Amino acid sequence: MDVQVANHCGVKSAAKPQSATECGLENAPKKKSRTRRGRRGKRRRGKKANEPPPFLPPEAEEGNIEYKLKLVNPTQYRFEHLATQLKWRLQEGRGEAVYQIGVEDNGLLVGLTEEDMKASLKTLRRMAEKVGADITLLREREVDCDRARRKIAEVLVRKVPDDQQFLDLRVAVLGNVDSGKSTLLGVLTQGELDNGRGRARLNLFRHLHEIQTGRTSSISFEILGFNSKGEVVNYSDSRTAEEICESSSKMITFIDLAGHYKYLKTTIFGLTSYCPDFAMLVVGANTGIAGTTREHLGLAMALKVPIFIVVSKVDLCGKSTVEKTVRQLERVLKQPGCNKVPMVVANPDDAVTAAQQFAQSSSVTPIFTLSSVSGENLDLLKVFFNILPPLSNSKEQEELMQQLTEFQVDEIYSVPDVGTVVGGTLYSGVCREGDRLVVGPTDDGRFLRLKVCSIHRNRSGCRVLRAGQAATLALGNFDRSLLRKGMVMVSPKMNPTICWQFEAAIVLLFHAKTFRRGFQVTVHVGNVRQTATVECLLGKEELRTGERAVVCFRFLKHPEYLRVGAKLLFREGVTKGIGHVTHLLPSTQNHVPDQNRNQNHS
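The rules we used
Residues numbered from 1 in each chain as written. Predicted model: local features only at pLDDT ≥ 70, side-chain atom pairs only at ≥ 80, totals over all residues. Heavy atoms only, no water. Helix = DSSP H or I, 4+ residues; strand = E, 2+ residues; numbered from the N terminus. Contact = heavy atoms within 4.5 Å. Core = buried A, V, L, I, M, F, W, Y, C linked by side-chain atoms within 4.5 Å. Buried < 20%, exposed > 50% of the residue type's maximum accessible area, 1.4 Å probe, protein only. Salt bridge = Lys/Arg side-chain N within 4 Å of Asp/Glu carboxyl O. pLDDT = per-residue confidence, 0-100.

Novice: Go over the environment of F515 with me, naming the residues and quoting the values.
Specialist: Along the polypeptide, F515 turns up in strand 25 (residues 515-516). With 19 residues separating them in the primary sequence, F515 and V534 have C-alpha atoms 9.0 Å apart. Sequence-distant contacts of F515, defined by excluding residues within four places in its chain, comprise I506, L508, V521, V534, L537, E542, L543, F570 and T575.

Novice: A description of the nonpolar core should follow, citing residues and the corresponding values.
Specialist: F254, M280, F308, L381 and F385 are the most contacted members of the largest nonpolar core, which totals 36 residues. For this core, the element with the highest residue contribution is helix 13 (residues 378-387), accounting for six residues. Residue contacts for M280: discarding those within four places in its chain leaves V171, A172, V173, L174, L184, L185, F254, F308, V310, L381 and F385. Grouped together as the second largest cluster of nonpolar side chains are 33 residues, I255, F269, V311 and L333 included.

Novice: Outline the pattern of salt bridges, listing residues and values.
Specialist: All told, the structure shown has 18 salt bridges when counted by the stated rule. Among the salt bridges present, the one from R457 reaches D168, with a minimum N-O distance of 3.2 Å. Placement of the pair is R457 in strand 19 (residues 454-457) and D168 in strand 6 (residues 167-175), with a sequence separation of 289 residues. By relative accessible area, which is 0% here, R457 ends up buried. R446 serves as the salt-bridge partner of D444, at 3.0 Å between the closest nitrogen and oxygen.

Novice: Give me helix 6 (residues 181-190): which residues, what numbers.
Specialist: With ten of ten residues buried, helix 6 lies mostly within the body of the structure. All of the buried residues along helix 6 are K181, S182, T183, L184, L185, G186, V187, L188, T189 and Q190. Buried residues belonging to helix 6 abut strand 6, strand 7 (220-226), strand 9 (250-256), strand 10 (278-284), strand 11 (307-312) and helix 13. The positive-phi residue at the C-terminal boundary of helix 6 is G191, with phi of around 80 degrees.

Novice: Tell me about the confidence of the model for the protein chain, and name the residues and values.
Specialist: On average, residues of the protein chain carry a pLDDT of 84, and 84% of them reach 70 or more. Low pLDDT, under 50, characterises residues 1-50; the predicted model gives this stretch 55 contacts beyond four residues in sequence or across chains. Of the regions scoring below 50 in pLDDT, residues 589-602 engages in 16 contacts with residues more than four places distant in sequence or in other chains.

Shown next, in the form of structure tokens:
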């Protein structure tokens, strides 16, 4: 059927032609041509071979993508059914849905006339108004069928936010030092281009030495909003963070991480603790892959964080230098260790396609080339962020919210007239003002009772915190000295257990010699970061680079709260490894007296 359709119809698109392997599509079979006319026909067909095929994958029952052939003058009963269907798709996409108009349920691109398309978009707008949403036309494509020009339209439907429950995506920003990470974030969030000397990044720095050196050493957060119509909402109109949150239906929270090698532990903590949905690797066009670029790429892949690449500073280089950097990136991404499919974004249509394929396939890696000074291709990145869907669907979100409350403590502050404040991410459950939780474990393994006085998200007040959201919680006059990073605040019903010793299935990524019993490493598990000793390697005496094993670790300083299945990353100098927690040893087994601990350490 697909071959018949391909012979009968052809699609004209504004998208840059891509090879079939890049799109993940099979080549249509070609007949052998023996005559001169046949060869000319083959050449003509070859010009259209790279265009998108006249069909899409069949419509899925679940998910936030809906196919509609046409929506022309529906009856009242049919309209109510369509509105209910839209509500379901919005729920599946956590407030976002994509409608393909002019497409049959089996994915065949039929197309509509100009008149039918206008009527269908008008009906879709009425449906969106009924469920409290807005629509944005992403792109229109022409379909040549039976010599009649028809169009298909791709429309983004986004719900107007209520009670600050906007869609929030977290993007970790990685890259080598001086690649332009903070400058790019400053331009995106402030709405003003850089002057070429780093003016745009000044508002992002938290410490004096960062301003003096121009290098990020701590983790900072910046927000970029999009309203229900897909328009950018940032600080350009002298808005406060609270106004940005109120006006936005979708929020991108950027986690600005350090690029210098001496701040690597801070970068790893940001990746493991703040649970980013995506990672943006920034590469300077003038330097190419240098410094910590490969290491940051490896960390994101080890933690299975989907990554896309931004080549910055294209205004400093000639076209040939930019192309050389892009080719270098493509070679690295295609290597056996990465197995990625690079996709260079050159126009708005590419940006729409990249956002959709990036969320559907972990192997697709979009590459943007832009300048924070001239603003070249900056709009393509904004289009990408606007359309980028969440990785988890509403069902997974609901399941997490049904569990007991668990909040990871990542930051601790003392605020005048407020008291102790903790920042972090709610891993599961729901947290409300006035909730009573327990926090721990302390150095002696206890959990202490406390009360949540108030909640702030993105610097504005919030009454309810749901699973997966990051926030700061005010704890009143709770003693700050009893808190530390790596603790958890959980529901008392959970009956949390402490862990001194645990087993993990690991892969040793690199080690200069042999990895054996007694070796000490810094272990990162979620928001936990502590030195641990290798107690034993189950079934083996030693490990070499690339080998796997189940290893028993023991924390040196104090017990921690861990979950079975949690991702683990450990390092010590050039030694690196990844894995996951497989078993927690009971507290009777894993508490080691101080005397023995000091003896083993020595």
